[in-house]
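Breakdown of the fold
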Amino acid sequence: QVQLVESGGGLVQAGGSLRLSCAASGSEFSIETMGWYRQGSGNERELVALIDSDGTTHYTDSVKGRFTISRDNAKNSVYLQMNSLKPEDTAVYYCNAEAQVGVFRRNIKAWGQGTLVTVSS
């Protein structure tokens, strides 16, 4: 009922910028919170940034001041602007959304397929 598709990953030099996008599609759903997670080689998947339906944002300490999460509710989309990238930001980035689906508004979590961000030194 809900599908997420990420885009915008790629290879960039340290200090550069990338903008990730994620769009939700499907039927009979509404999106509440949306967020970005990442998983580097040998690491656990970690929360990078989160944005609530009212626009309140949360960031992991390592990206504060460098990354900005935003959303466009009309497009059911979430974005992650990444500036001053560091090699340690290299990871597969995943979009996540909490949604209510169907006539009974069941709560679910949806995940995108991931997009690779590689930051070279």
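With respect to the sheet that holds strand 8 (residues 77-82)
With respect to topology, four strands assemble into an open sheet ordered 1-3-8-7, the strand pairing being antiparallel. If you trace the sheet from one side to the other, it starts and ends with strand 1 (2-7) and strand 7 (67-72), each paired once. Across the sheet, the mean angle separating the axes of adjacent strands is 15° when strand polarity is ignored. Inspection of the sheet shows strand 3 (residues 18-26) paired to strand 8 by six bridges, in the antiparallel sense. Of the residues in strand 8, the one forming a bridge with Leu-20 is Leu-80.

Focus: the pairing of strand 10 (residues 106-111)
The side chains of a regular strand alternate, first on one face of the sheet and then on the other. Where strand 9 (residues 91-101) lies against strand 10, six bridges are found, and the strand directions are antiparallel. Looking at strand 10, one finds that Ala-99 is bridged to Ile-108. Once strand 9 ends, the chain turns through four residues before running back antiparallel as strand 10, passing Gly-102 with a positive phi of about 75°.

Basis of the calculations
Residues numbered from 1 in each chain as written. Predicted model: local features only at pLDDT ≥ 70, side-chain atom pairs only at ≥ 80, totals over all residues. Heavy atoms only, no water. Pairing = 2+ DSSP bridges. Helix = DSSP H or I, 4+ residues; strand = E, 2+ residues; numbered from the N terminus. Axes fitted to C-alpha atoms, helices over the stretch in contact; angles between N-to-C directions.

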